[in-house]
Amino acid sequence: MKLSEYKEQGILEAYVLRVLPPEMEDQLLADLETNVALRNELNKVEQSLSNFKENFTRSPTDKEPSPKKRKSKSRPSPGQKREKSIRIIVGILTIVVVAMIFLYLSTLYEKTAYQSQLIHTERTLDTLNQNQMEAEELIAQLESGLIASLDELSGEWAAVGLNGIQARLIPLQTKGSELLVINRLAERGPGEFLQLWSRQNDQYRKMGTVNHWKEGPEGYATVSVLPATNLQLSLISIESDPVPAQPREENILLEFRR
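Quick summary incoming for the structure in this document. (Residues numbered from 1 in each chain as written. Predicted model: local features only at pLDDT ≥ 70, side-chain atom pairs only at ≥ 80, totals over all residues. Heavy atoms only, no water.)

## Thoughts on helix 3 (residues 22–32)
Within the sequence span of helix 3, burial applies to Met24, Leu28, Asp31 and Leu32. Projected onto a plane normal to the axis of helix 3, the buried residues spread over an arc of 100° and lie on a single side. Among the exposed residues of helix 3, those oriented more than 90 degrees off its buried face are Pro22, Glu23 and Asp26. (Buried < 20%, exposed > 50% of the residue type's maximum accessible area, 1.4 Å probe, protein only. Helix = DSSP H or I, 4+ residues; strand = E, 2+ residues; numbered from the N terminus. Arc of directions from axis to C-beta.)

Okay, structure coming up:
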């Protein structure tokens, strides 16, 4: 730390008054070993505080009483009472001044520590924001790469649904699981989600929902992995709560024909 920083933060005064935190004292002692200007400045501070204390605790009329006066048992004169009162007042003032100096230095140190912590926090937030941006770019690249390679995977498009929407189920290595890819899917409206249905005889059974999707290159929407199950996906409808027990015709988005 530079000499100017020690002066501005009042660290030398705090060290002389023995109120400097241990970690700051260790740094100061290390700097004193190599910095001559810092040692000279510390000597000046020690001398200044020593003179200040001596001037405020010693009366100008203070004199060493003669042996004769020490042996005298006579009552103190009014002048002696006045000098004693002055010494008491000066002592009280000295304590107040020292306490004010200590309070000032403590406040200054806390302010400096707070500012340092604030700067560190701001730098950490900047780093986190940068990492988040880089992660989002990487995710976008991975999504683009995945979607761009979909045409090379096996799987057939389902029948065309509303507004030219298409979907494809791609078998995965995990037994029974499939990858659902939807093309030309519009943005999700407020509270809307995709409800997946499986047909059993003349009834439909709910298979789960897809709540998030994002349009990708060439109009592909975000894909969703369907878990392994004995049920087969037969129908996709666009719903919002509450979901009916059976799909309504006006909400049907896609129908799979296997």
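## A closer look at the side chain of aspartate 31
Of note, aspartate 31 is situated in helix 3. Contact partners of aspartate 31, with chain neighbours within four places excluded, come to Met1, Tyr6 and Leu38. (Contact = heavy atoms within 4.5 Å.)

## What to know about the nonpolar core
Ranked by internal contacts, the top residues of the largest apolar core, which has 16 residues, are Leu180, Ile182, Leu194, Leu233 and Ile236. Among the secondary structure elements, those contributing two or more residues to this core are strand 1 (166–171), strand 2 (178–183), strand 3 (193–200) and strand 7 (252–255). (Core = buried A, V, L, I, M, F, W, Y, C linked by side-chain atoms within 4.5 Å.)

## Notes on unusual backbone geometry
Backbone torsion omega between aspartate 241 and proline 242 reads -5°, so that peptide bond is classified as cis. Residue position: proline 242 is located in the loop between strand 6 (235–239) and strand 7. Located in the positive-phi region is asparagine 201, a residue other than glycine, with phi close to 60°. Counting through the fold element by element, asparagine 201 comes out in the loop between strand 3 and strand 4 (203–210). What makes asparagine 201 exposed here is its relative accessible area of 73%.

## A look at the pattern of salt bridges
Where side chains of opposite charge bring their charged atoms close, a pairing between them can arise. With the rule as written, the count across this model stands at two salt bridges. A salt bridge links arginine 248 to glutamate 250, with the shortest nitrogen-to-oxygen separation between them at 3.7 Å. By relative accessible area, which is 59% here, glutamate 250 ends up exposed. (Salt bridge = Lys/Arg side-chain N within 4 Å of Asp/Glu carboxyl O.)

## Quick look at the sheet that holds strand 4
If you walk across this open sheet you meet the four strands as 4-3-6-7, and the pairing is antiparallel. The open sheet is flanked by strand 4 and strand 7, the only strands paired with a single partner. Recorded for the sheet is a direction-independent mean angle of 25° between the axes of neighbouring strands. Pairing analysis gives three bridges linking strand 6 to strand 7, with the strands arranged antiparallel. Its bridge partner lying in strand 7, leucine 235 is registered against glutamate 255. (Pairing = 2+ DSSP bridges. Axes fitted to C-alpha atoms, helices over the stretch in contact; angles between N-to-C directions.)

## Some thoughts on the sheet that holds strand 2
Strand order in the open sheet formed by three strands is 1-2-5, and the pairing between neighbours is antiparallel. Every other strand in the sheet has two partners, leaving strand 1 and strand 5 (224–226) as the edge strands with one partner each. Neighbour to neighbour, the strand axes of the sheet diverge by 30° on average, direction disregarded. The pairing of strand 1 with strand 2 spans six bridges and is antiparallel. Opposite arginine 168, over in strand 2, you have valine 181 as the bridge partner.

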